[in-house]
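Observations on chain architecture
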Amino acid sequence: MHKKQSRDIFLFILGGVVLYFLSGMVDELRVYQGATIAVYVIAISSIILLTGYSGQVSLGHGALMAVGAYAAAVARVEFSLPIVLCFVVAVLAAAIGGALLGAAAARLSGPYLAGTTLALAIGLPSLANQFSVLGGEQGLLFDVGFPPLSLGEDFTQYKWFFWIAGLAALLSMWAIKNILGSRYGRTWRAIRGNEVAAQLSGINIARSKILAFTISAGIAGLAGALLSMTIGTVSPSAFPLALSFSLLTGAVLSGLTTLGGAMIGSVVLVAIPEIADVVAHRLGSSERVTTNLPGFLVSALLILTVLFVPNGPVEQHRARKAKHLAQKK
Amino acid sequence: MDLLNTFLIGVTAGTIYGLMAISMVLVWRSTRVVNFAQAGMALLSTYFGYEAVTRLGSFWIALPVAMIGGALVAALVEMILIRLLVKHSTSGPIAGVAPIIATLGLLGVIRSVSAMIWGGQDVRIVGPVSNDGFTINGTTLVFSPLKLLILVTVLVLMLILSIVFQKTNIGLALRASAHAPEIARLSGVKVDWVRTLGWALSGAAGAVAGMFQTVNGNGTLSPDSIEFSLLLVSGFIAAVIGGLDSMIGAVIGGLVLGLMISFVLMYVSSGLFFIAPFVILLTVLFIRPQGLFGAKAARRA
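Residues numbered from 1 in each chain as written. Chains lettered and ligands numbered in written order. Predicted model: local features only at pLDDT ≥ 70, side-chain atom pairs only at ≥ 80, totals over all residues. Heavy atoms only, no water.

Scanning chain B from terminus to terminus reveals 11 helices and 4 strands. Counting the 301 residues in chain B, one finds 56% classified as buried. Considering only contacts within chain B whose residues lie at least 6 apart along the sequence, 71% involve residues at least 24 apart. Put simply, chain B shows about 12,600 Å² of open surface, and 68% of that area lies on carbon and sulfur atoms. The positive charge centre, built from 17 side chains, and the negative charge centre, built from 10, are 14 Å apart in chain B. (Helix = DSSP H or I, 4+ residues; strand = E, 2+ residues; numbered from the N terminus. Buried < 20%, exposed > 50% of the residue type's maximum accessible area, 1.4 Å probe, protein only. Contact = heavy atoms within 4.5 Å. Areas by Shrake-Rupley, 256 points an atom, 1.4 Å probe, with all protein chains shown as cover. Lys, Arg positive; Asp, Glu negative; His and termini not counted. Charge placed at Lys NZ, Arg CZ, Asp CG, Glu CD.)

Take a look at the structure:
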């Protein structure tokens, strides 16, 4: 066990170093996309924790991201907290929101839960227009400041975003991995497997479910704050229903139970608009088609994944290998 | 006068939500799937209706065209997507969420395809009668001939649907396959086809809801319009308030939702447009997690 853990730490550090060198080699746009990928990795892993492990569906994670983003922006604008504390505030605020939602969610199951969180995803961002401190439709500025001068003259703003988001992604993956490997992770899997059996073995179902929602929401809040960092502002329109849907899509593409797969989903989500752009230009299609092609591709991919690779590419590969081995014996 | 206006607006909106909720209940009863693409299918059928209105010039021809189109789309979805889904995604952690995710994906596909075909232009459906309010004793109500027409049509459709369900053999087959598919199959009911029929009925009901939602609003149609986001959420919420399993529940859920939203907008704040449904839903579910008319689920061991 100990050996495995030190190997994991080594892998995480190695990942960080690779990202560091990569960010120096590619152009600005790619760096920006890298930052977006890192944000998606965090958001998707929060869904994986919630849906894949505790078995609860949320279509409202976009709203929880909005909570985190607004909390961070208010902390920055009104109280001018240092940037690290802003992110902490984002996590805490979203976690509180998640705990409240989780308390409601623990009573609901399946489609009821999905619908409730769907209503939240549509309703909550528009609530920001009700409070002047949140800046209405224009939203709030969220400025993390220039990169420190010690990093050199040619260290760009986007690279700074990428660093912050990348570091946050590595740290939160690390944290989630440990949580999932702990007693709580096993508890959630027991509940997902069979609620009654879990209850009979002494697990407090409601409390475990609320805990899963709280942690997942906190992580989503962090992702929300990071997302608004890359955009520079926080406004209701940055957290549309489509965001919640694409997070779920990303999680399904990654495989709902493979945390390491979060990378696959995030890369796909960022890459699809680009691919769609190329395809549309190649075909010389009209603007109507061009703007809607990414949405079409993402949704079509989602359906195909659910139908043919329901448990994700990594899990599928593993199952095939296991079958192969069993046949050999 | 305000009170009456608010009430009548709420009732009209509520019947449309109720119709949408009925279409979700029909799908839920026939396949145990909550169809998040229902509003998308309604959108597509409304576009069929739009094409019919522009070509043939009559709303009353367009309405059945939209219904038939909606029924065909829904039947195809059931035969292709849902049957595959039932076959493939039945094990592993995905099992519980697969229908939700697949129908969400379908919603995305329908939205983007409709936007590719009809998006970016001014698509408008003019109602069959005027939407200017009735005038009584010199004061003009918000309630209009159009709203009255919607109210009557929806009520008639609901009546027909409940007669079909209660009094005909098809209705009996629909209820039997929802309640106990195995036993229904043993008694000679072609359960697969009955399911497809359930979807088709639901598609037709959704088409009517889509058409009326459009003319009851400002008449314009767009894949990204607020009307359709509202139809998506309200139809679902109304169905859940009613308990997902009950048609009467769906109608009452729709009315409760329509009236509550209308009163909140009038007397509290118009900025609460999108958050009000959420609060109403949470309140109902906190009191009765299985909805107003739903049967309490037995514990599965």
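So, on to the packing of aromatic side chains. Residues and elements named next belong to chain B. Considering all chains together, one arrives at 5 aromatic pairs over all chains under this definition. Centre to centre, the rings of tyrosine 47 and tryptophan 118 are 4.4 Å apart; their planes meet at 5°, and the pair counts as stacked. In this pair, tyrosine 47 sits in helix H2 (residues 38-56) while tryptophan 118 sits in helix H4 (residues 98-118), placing the two residues 71 residues apart along the sequence. Residue class for tyrosine 47 comes out buried when judged on its relative accessible area of 0%. Aromatic pair phenylalanine 59 and tryptophan 60: ring centres 5.6 Å apart, planes at 90°, arrangement edge-to-face. Take tryptophan 60: its relative accessible area is 43%, and that puts it in the partly exposed class. Joined through ring pairs, the aromatic side chains of Phe59, Trp60 and Phe212 make up one cluster. One cation-aromatic arrangement involves arginine 83 over tryptophan 193; the distance from NZ or CZ to the ring centre is 5.5 Å. (Phe/Tyr/Trp six-rings, centres within 6.5 Å; stacked < 30°, edge-to-face > 60°. Lys NZ or Arg CZ within 6 Å of the ring centre and 35° of its normal.)

With that settled, consider the layout of surface pockets. Estimates place the volume of the second largest pocket at around 1,200 Å³. Lining the second largest pocket are 42 residues; nearest its centre among them are Pro240(A), Leu241(A), Ala242(A), Phe245(A) and Arg111(B). Sorting the residues of the lining of the second largest pocket by element identifies helix H5 (110-127), helix H10 (241-254), helix H11 (262-283) and helix H12 (287-308) of chain A together with H4 and helix H9 (226-242) of chain B as the ones contributing at least two each. The residue inventory of the lining of the second largest pocket, partitioned by class, reads 24 nonpolar, 15 polar and 3 charged. (1 Å grid on protein atoms, 1.4 Å probe; cavity = no way out; pocket = protein on both sides within 12 Å on 5 of 7 lines; lining within 4 Å. Points joined across faces, edges and corners; volume = space filled by probe spheres on them. Nonpolar A, V, L, I, M, F, W, Y, C, P; charged D, E, K, R; others polar.)

This paragraph deals with helix H1 (residues 2-31) of chain B. Look at H1(B): 43 Å from first C-alpha to last across 30 residues, which is about the 44 Å you get at 1.5 Å a residue. By the criterion of burial, H1(B) is predominantly enclosed, with 25 of the 30 residues buried. (Expected span 1.5 Å × (residues − 1).)

This part is about the interface of chain B and chain A. Listed as interface residues are 54 residues of chain B and, on the opposing side, 47 residues of chain A. Buried surface at the junction of chain B and chain A, both sides included, amounts to about 4,100 Å², of which 78% is carbon and sulfur. Counting across the interface, chain B meets chain A through 1 residue pair in polar contact (both at pLDDT 80 or more). Taken together, the elements giving at least two residues each to the side of chain B that touches chain A come down to helix H3 (59-88), H4, H9 and helix H11 (275-287) of chain B. Among the elements that line the side of chain B that touches chain A, the one with the most residues is H4(B), at 16 residues. A class-by-class count of the residues in the side of chain B that touches chain A yields 37 nonpolar, 15 polar and 2 charged. (Buried area = accessible area lost by both parts, 1.4 Å probe. Polar contact = N/O pair within 3.5 Å; in protein donor to acceptor, adjacent residues only side chain to side chain.)

Below, the discussion takes up unusual backbone geometry. In this model, Ser80(A) sits at a positive phi of 35°, which is unusual for a non-glycine residue. Within the secondary structure, Ser80(A) is located in the loop between helix H3 (61-77) and helix H4 (83-105).

All names here are of chain B. As a packed pair, H3 and H4 sit with axes 10 Å apart at the nearest point and diverge in direction by 145°. Crossing angle aside, the handedness with which H3 passes H4 is right-handed. Touching Val77, Leu81 and Leu85 of H3 are Ala98, Pro99, Ala102 and Leu106, all from H4. Classifying every residue of the contact of H3 with H4 by side-chain character gives 7 nonpolar, no polar and no charged. (Axes fitted to C-alpha atoms, helices over the stretch in contact; angles between N-to-C directions. Left-handed = near helix turned anticlockwise from the far one by under 90°.)

All names here are of chain A. Note on placement: tyrosine 40 falls in helix H2 (residues 28-53). Sequence separation between tyrosine 40 and glutamate 287 is 247 residues, and the spatial gap between their C-alpha atoms is 27 Å. Residues within four places of tyrosine 40 in sequence aside, it is in contact with Leu243, Leu247, Ser266, Leu269 and Val270.

Right, let's get into the pattern of salt bridges. Residues and elements named next belong to chain B. This structure, assessed with the given rule, holds 4 salt bridges over all chains. With a shortest N-O distance of 3.3 Å, arginine 32 and aspartate 245 are connected by a salt bridge. On the criterion of sequence distance, the pair formed by arginine 32 in the loop between H1 and H2 and aspartate 245 in the loop between H9 and helix H10 (247-267) is long-range, its members being 213 residues apart. Where arginine 55 meets glutamate 51, a salt bridge forms, and the shortest distance between an N and an O atom there is 3.0 Å. Taken together, the residues span about one helical turn, with arginine 55 and glutamate 51 both in helix H2 at a distance of 4 residues. (Salt bridge = Lys/Arg side-chain N within 4 Å of Asp/Glu carboxyl O.)

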